[in-house]
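Each chain, written out:
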Amino acid sequence: MHGRVKIKTTAQQEEEKRKEREKKLKIYVAARDACFSKRSEGVWDDEALQLTQQLLSSNPDFATLWNYRREILMHLETVKDEDEVQKIYEAELLFLESCLKVNPKSYGSWHHRGWVSARLPRPDWARELSLCDRCLSLDDRNFHCWDYRRMVVKISGVPVDQELAFTDRLIGSNFSNYSSWHYRSTLLPLLHPESPEPPSPCREPPQTSPPPSPQTHSHRVCEEQLLKEYELVQNAFFTDPNDQSAWFYYRWLLGRAEREEMISCVYVSRDEERVAVAFSRPVNAQSVGLLLVLDGQPQRVEWRSVHPRFKHSPVWICDLPPGTINDISNEHNLTVHWTEKHTHRDCALYTGRTESWCRDSATDQELFRSELSVEKTSVLQSELQSVNQLQELEPLNKWCLLTIILLMRALDPLGYEKETLAHFQTLKEVDAMRSAYYSDLCSKFMIENTILKMEYAEVRVFSISDKNLTTLCHLDQLLLVTHINLSSNQLQQLPPQFAMLQCLEVLEADNNSIENLEGVYHLPKLEEVLLKNNKISTLADLQPLASCPKLKRLDLRGNPVAQTPNVESELAELLPSVTDLLL
């Protein structure tokens, strides 16, 4: 063990120790076998209780013995009165404390203590909280103890403000206490929730109520409290810029709240007689109660995800009964009901139109950037200035660099795009082991920016070429895109999520490292696929294209597959609709 002086022993001393260990082992095995024998015979007596206590005192991680001990205690509940049961369980808690002294992170001991506390006729929750305080003072990262504390708080109804004060004390004594920062992030939305809607002057003031319990429904943290938290966490990372705990908490503060569950887009195509529905999160449309009503009449349709690999997807499609909307001279009104969430979305297909949609844009949903108040903007600008000052003192601090990026994105993602890219490049140099993570995160941010630019321009063309993209994301936001340009990046695949681009007509992806086209699946409008200078090596890699009925133009120049013998004839058989093939 660390810190112990090694003492050379003679062979005789070693032999004596060996014999002593063997003697203890024989006693342990004999007691264990006796326990197993009693359990198999259905014996739940005091002797069995003593045997399990003897064994667990030396080895508190013997799960089978804890199970047997619980069986004995449950039996005693049936033959003892309440006062006797109270004494038995109080003695059990004392025994468990001795086990925790042997191993403070014993799964079995903490689990059994929770079981005992829940069955105790008259539990002393203040004592249990005091025990947690003592254990966490010895090791503030004992997650077994943190789990037990949360259970005690839940059952006993400890007020949130009391628990928040507890995190204040722990963080005040040790800024590096990640568990306390995390616990704080679960408490703040409960104690300081953001109002779901602005207060109305005619609304009656809410009645006074006691502080909420940590198990009540949570909301976003109100802005006033967020601004106070910025100051607290800034003190932490200025004290120790290299400790990650405070930086992670700061990142949570800057993060966006979970999106509201809603139907974000409904698209209807007259030519395909098809409806596509996009949700704010992945769902299983076959189980959430999705009802399609056309011109006031419920329709019997079969919803399917855009790719067979998805049971849960943000985008679902269905085919309307033949002949229901194909007459261009007729107008139709369509409503999609999400009965599980009691919400719906309407869409009108007007006379002479071949398609129509109704949607909330990423800007409307505050998907990539929340609207900031003047006060919060001022505070975040001040925070950015402070972290920039810290970065001047700590130019190679990765947490500082990453936080600057997040602050810039919270303030103005498009305005700070150039600076963001420069900081990502520095991050890859400073923290080379995580360069792939930074590349993916940078790709995500660049895609978000491009979606915002596309929406501001009110076009259906998504162009993000020559941006060093390593991954694709937010593809559910591209449901209405007709032309996408991904050329000159570092993409290795078009993932299954790519099938969400149900309106896509032209795909440009030249000069990447694409090896498979799994996501180019059942895209009903796709006509052109340009894949020059990629790494497609076999005809099997092109198989997904066979599911795109309107594909006419395919460019495979510079791919290994172009050198395959008889490739032209085999492609003609695989993709009979293609009339313009470039090899």
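Residues numbered from 1 in each chain as written. Predicted model: local features only at pLDDT ≥ 70, side-chain atom pairs only at ≥ 80, totals over all residues. Heavy atoms only, no water.

Concerning the overall build of the protein
Along the protein, the regular secondary structure elements total 16 helices and 15 strands. Against the 2.2 N^0.38 benchmark of 25 Å for 583 residues, the protein shows a C-alpha radius of gyration of 32 Å, more extended than a compact globule. Seen through its C-alpha atoms, the protein measures out along the principal axes to roughly 90 × 70 × 60 Å. When burial is assessed residue by residue, the protein has 46% of its 583 residues classed as buried. Here the analysis covers contacts within the protein between residues at least 6 apart in sequence; of these, 60% occur between residues at least 24 apart. By element, 50% of the accessible surface of the protein is carried by carbon and sulfur atoms, the whole surface being about 30,300 Å². In the protein, 65 positive and 84 negative side-chain charges are present, and the distance between their average locations comes to 6 Å. (Helix = DSSP H or I, 4+ residues; strand = E, 2+ residues; numbered from the N terminus. Rg over C-alpha atoms; globule rule 2.2 N^0.38 Å. Buried < 20%, exposed > 50% of the residue type's maximum accessible area, 1.4 Å probe, protein only. Contact = heavy atoms within 4.5 Å. Areas by Shrake-Rupley, 256 points an atom, 1.4 Å probe, with all protein chains shown as cover. Lys, Arg positive; Asp, Glu negative; His and termini not counted. Charge placed at Lys NZ, Arg CZ, Asp CG, Glu CD.)

Quick notes on the domain arrangement of the protein
What the domain assignment reports for the protein is domain 1 (9–177), domain 2 (261–346), domain 3 (372–441) and domain 4 (459–579). The distance between the C-alpha centroids of domain 1 and domain 3 comes to 46 Å. (Domains from an automatic or database assignment.)

As for the UniProt feature "domain: Rab geranylgeranyltransferase alpha subunit insert-domain" (unreviewed entry) in the protein
This chain's UniProt record puts "domain: Rab geranylgeranyltransferase alpha subunit insert-domain" (unreviewed entry) on residues 263–362. Its end C-alpha atoms 13 Å apart, residues 263–362 is made of 0% helix and 52% strand. (UniProt positions renumbered as here; feature names shortened; annotations may be inferred.)

Some details on the sheet that holds strand 13 (residues 528–530)
Judged by pairing direction, the sheet is parallel, and its six strands sit side by side in the order 10-11-12-13-14-15 without closing on themselves. Looking at strand neighbours, the two that pair on one side only are strand 10 (461–463) and strand 15 (580–582), the edges of this open sheet. For this sheet, the mean inter-axis angle between neighbouring strands, taken without regard to orientation, is 0°. Across three bridges, strand 12 (residues 506–508) lies against strand 13 in parallel orientation. When the sheet's bridge partners are listed, L507 is paired in strand 13 with V529. (Pairing = 2+ DSSP bridges. Axes fitted to C-alpha atoms, helices over the stretch in contact; angles between N-to-C directions.)

Observations concerning the packing of aromatic side chains
Per the counting criterion, the structure on display carries 17 aromatic pairs. With a centroid separation of 6.2 Å and 85° between ring planes, the pair formed by F36 and F62 is classed as edge-to-face. You can see F36 sitting in helix 1 (residues 11–40) and its partner F62 sitting in the loop between helix 2 (46–58) and helix 3 (63–79), a full 26 residues away along the chain. Residue classification places F62 among the buried positions, given a relative accessible area of 17%. Judged by centre distance (5.3 Å) and plane angle (75°), the rings of F237 and Y250 are edge-to-face. (Phe/Tyr/Trp six-rings, centres within 6.5 Å; stacked < 30°, edge-to-face > 60°.)

Side note on the sheet that holds strand 7 (residues 332–338)
The four strands are arranged 4-3-7-8 in an open sheet whose pairing can be described as antiparallel. Either end of the sheet is taken by a strand with one partner, and the two such strands are strand 4 (297–298) and strand 8 (343–349). By the bridge criterion, five bridges tie strand 3 (residues 290–294) to strand 7 in an arrangement that is antiparallel. Residue pairing for strand 7: L291 is matched across the bridge by H337.

Points about the nonpolar core
Judged by nonpolar contacts, the single largest core of 104 residues is most densely connected at I484, L486, F498, L507 and V520. What I484 contacts, discounting residues up to four positions off in sequence, is F462, L478, F498, L501, L504, V506, L507 and E508. (Core = buried A, V, L, I, M, F, W, Y, C linked by side-chain atoms within 4.5 Å.)

Quick notes on the packing of helix 2 against helix 3
Interaxial distance between helix 2 and helix 3 falls to 10 Å at its minimum, and their mutual angle equals 150°. Of the possible angle classes, the one that applies to helix 2 and helix 3 is roughly antiparallel. Regarding helix 2 and helix 3, the two cross each other, and that crossing is left-handed. Each of A48, L49, T52, Q53, L55 and L56 in helix 2 lies in contact with helix 3, whose residues at this interface are L65, W66, Y68, R69, I72, L73 and L76. (Parallel < 35°, antiparallel > 145°, perpendicular 65-115°, else oblique. Left-handed = near helix turned anticlockwise from the far one by under 90°.)

A few points about empty space enclosed by the protein
By the definition in use, this model includes one cavity of 30 Å³ or more. Volume-wise, the largest cavity comes out at about 40 Å³. Forming the boundary of the largest cavity are Y267, S269, E272, R274, A276, Q502, P524 and K525. For the lining of the largest cavity, the secondary structure elements donating two or more residues are strand 1 (263–269) and strand 2 (274–283). Split by residue class, the lining of the largest cavity holds three nonpolar, two polar and three charged. In this structure, the lining of the largest cavity is formed jointly by two domains, domain 2 (261–346) and domain 4 (459–579), each of which donates at least three residues. (1 Å grid on protein atoms, 1.4 Å probe; cavity = no way out; pocket = protein on both sides within 12 Å on 5 of 7 lines; lining within 4 Å. Points joined across faces, edges and corners; volume = space filled by probe spheres on them. Nonpolar A, V, L, I, M, F, W, Y, C, P; charged D, E, K, R; others polar.)

Focus: the side chain of E448
Here E448 shows up in helix 15 (residues 435–457). Since its relative accessible area comes to 0%, E448 is described here as buried. One polar contact links E448 to R409, side chain to side chain, over a distance of 2.9 Å. (Polar contact = N/O pair within 3.5 Å; in protein donor to acceptor, adjacent residues only side chain to side chain.)

A look at the layout of surface pockets
Of the voids in this model, the second largest pocket is the one considered here, and its volume is about 390 Å³. Forming the walls of the second largest pocket are 19 residues, and the residues nearest its centre are R259, P282, P314, H474 and D476. At the level of secondary structure, the elements contributing two or more residues to the lining of the second largest pocket comprise strand 2 and strand 6 (313–319). Per-element accounting of the lining of the second largest pocket gives the leading share, three residues, to strand 2. The class makeup of the residues in the lining of the second largest pocket is eight nonpolar, six polar and five charged. Counting only domains with at least three residues in the lining of the second largest pocket, you end up with domain 2 (261–346) and domain 4 (459–579).

Regarding the pattern of salt bridges
The full count for this structure, using the stated rule, is 37 salt bridges. As a salt-bridge pair, E261 and K341 come within 2.6 Å of each other at their nearest N and O atoms. Here the residue E261 occupies a position in the loop between helix 11 (244–254) and strand 1, and K341 occupies one in the loop between strand 7 and strand 8, the gap between them amounting to 80 residues. Because the salt bridges share partners, they merge into one network encompassing E97, R113, R127, E128 and R134. (Salt bridge = Lys/Arg side-chain N within 4 Å of Asp/Glu carboxyl O.)

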